[in-house]
Amino acid sequence: MNFAVGFKPMLGTSQSMDNLEKQLICPICLEMFTKPVVILPCQHNLCRKCANDIFQASNPLWQSRGSTSVSSGGRFRCPSCRHEVVLDRHGVYGLQRNLLVENIIDIYKQESSRPLHAKAEQQLMCEEHEDEKINIYCLTCETPTCSMCKVFGAHKDCEVAPLTNVYKRQKGELSDGIAMLVAGNDRIQAIISQMEEICKTIEDNGRRQKQHLCLRFDSLYSILEERKKELLQEIGREQEEKVQRVRELIRQYGDHLEVSSKLVESAIQSMEEPQMAVYLQQSKELIKKITDMSKASMSNRPEPGYENMDHFSINVEHVAEMLRTIEFHTDAAGEEAEVEGPGPEGGDATGEEERPEAADAPEGTEDAGLRPKPASASHGQH
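Residues numbered from 1 in each chain as written. Predicted model: local features only at pLDDT ≥ 70, side-chain atom pairs only at ≥ 80, totals over all residues. Heavy atoms only, no water.

1. Some points on the pattern of salt bridges
No. 1: Across all of its chains, the model carries 21 salt bridges by this definition.
No. 2: Glu84 serves as the salt-bridge partner of Arg75, at 3.4 Å between the closest nitrogen and oxygen.
No. 3: Exposure remark for Glu84: the relative accessible area of 33% places this residue in the partly exposed category.
No. 4: The shortest N-O distance in the salt bridge between Arg251 and Asp255 comes to 3.1 Å. Placement of both Arg251 and Asp255 in helix α6 (residues 163–271) is noted, with a separation of 4 residues, approximately one turn of the helix.
No. 5: Judged by its relative accessible area of 44%, Arg251 falls in the partly exposed class.
No. 6: When salt bridges with common partners are traced through the structure, they connect Arg77, Arg82 and Asp186 into a single cluster. (Salt bridge = Lys/Arg side-chain N within 4 Å of Asp/Glu carboxyl O. Buried < 20%, exposed > 50% of the residue type's maximum accessible area, 1.4 Å probe, protein only. Helix = DSSP H or I, 4+ residues; strand = E, 2+ residues; numbered from the N terminus.)

Okay, structure coming up:
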């Protein structure tokens, strides 16, 4: 069904009145504002009934005004600018009335002889029957039409209804849909805000745990460095002791060698003495010194393998394996470890006997909030 809009002369109206109509339309019901008109903090206006509909849709658990228990207020978003409106315990009844807009509506109604959109209804004419107004709605074809089309035209076999009834019904459905969408958007916005807050919390928690992890590993590094320093000092002490002992033997042997060399020189000089009497006077003493020097014991020397330092080798394979299997412990594991606690003195020492090198493990590993994974197989000693 085609229809055309024809403009007829309108008494008492002007372009300024048309513009005024647009400013007096509620964005929810799409009708002229119905008193009382409330003004929102963002300076937009709503019918108080429409504002209450949006508020109730956004706050389904809020107590009604006539309830015996008074709620603490609520909030909803302006349908025009999405500004959040926070209400007190009176709800929308606590919003200020816009008396200026209400007075303008009264003046407009006095100047206009027909309600909003009545001009459009009077101007909407049937295209097939030019003198007939569009005044009914074809429910079968879902289109506005005129009475002549129902009686003689294309819609004579269709089901129709008064245009006003269908108009009001669809206007109500659209208004309800808008309210539902607005409420749904508010809920979605609240969910988005909540998830953004969750993201921020996750980032903060992650940053804090990274800092804690770095502190725990720094503690392990310091323990390893301290232990390395102690072991190096122990090696250095034994090295110094052995070197001093060997150098003392070297000094002793050197002194012996020096005395022996001088005695040899004296004996050679005595051998060159041409006079037998003089030689015999010297040779007896030299022979005695040589005999004593040859009998001197020089058996004091380092035993075989004295220079070996292999006994200072350490086995860190089990410690390395434990460090490689460090994992984050769950709350349950952490609580269980706290409940069990250290064993009493003189208690079960099996673990210490089986793994004496556990004393070399870095201290503070459990305090670091980490725990090693259980090894799949025990490592042999190297």
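2. Observations concerning the nonpolar core
No. 1: Of all hydrophobic cores here, the largest spans 25 residues; its most connected members are Cys26, Phe33, Leu46 and Phe76.
No. 2: Secondary structure elements with two or more residues in this core: β2 (37–39), β3 (45–47), α2 (48–58) and α3 (99–111).
No. 3: It is α2 that contributes the most residues to this core, 4 residues altogether. (Core = buried A, V, L, I, M, F, W, Y, C linked by side-chain atoms within 4.5 Å.)

3. Overview of the environment of Val166
No. 1: Locating Val166 in the fold gives a position in helix α6.
No. 2: Spatially, the C-alpha atom of Val166 lies 7.1 Å from that of Tyr137, the residues being 29 residues apart in sequence.
No. 3: Those residues in contact with Val166, other than ones at most four positions away along the chain, are Tyr137, Leu139 and Ala161. (Contact = heavy atoms within 4.5 Å.)

4. Considerations on the packing of aromatic side chains
No. 1: This model, assessed by the stated rule, comprises 2 aromatic pairs.
No. 2: For the pair Phe55 and Phe76, a centre-to-centre distance of 6.4 Å together with 65 degrees between the ring planes defines the contact as edge-to-face. Here the residue Phe55 occupies a position in helix α2, and Phe76 occupies one in strand β4 (residues 75–77), the gap between them amounting to 21 residues.
No. 3: Phe55 sits in the buried class, given a relative accessible area of 0%.
No. 4: The exposure class assigned to Phe76 is buried, which follows from its relative accessible area of 1%.
No. 5: The ring of Tyr306 carries the charged tip of Lys242 above its face, separated from the ring centre by 5.1 Å.
No. 6: The ring of Tyr306 carries the charged tip of Arg245 above its face, separated from the ring centre by 4.8 Å. (Phe/Tyr/Trp six-rings, centres within 6.5 Å; stacked < 30°, edge-to-face > 60°. Lys NZ or Arg CZ within 6 Å of the ring centre and 35° of its normal.)

Read these as geometric descriptors, not functional statements.
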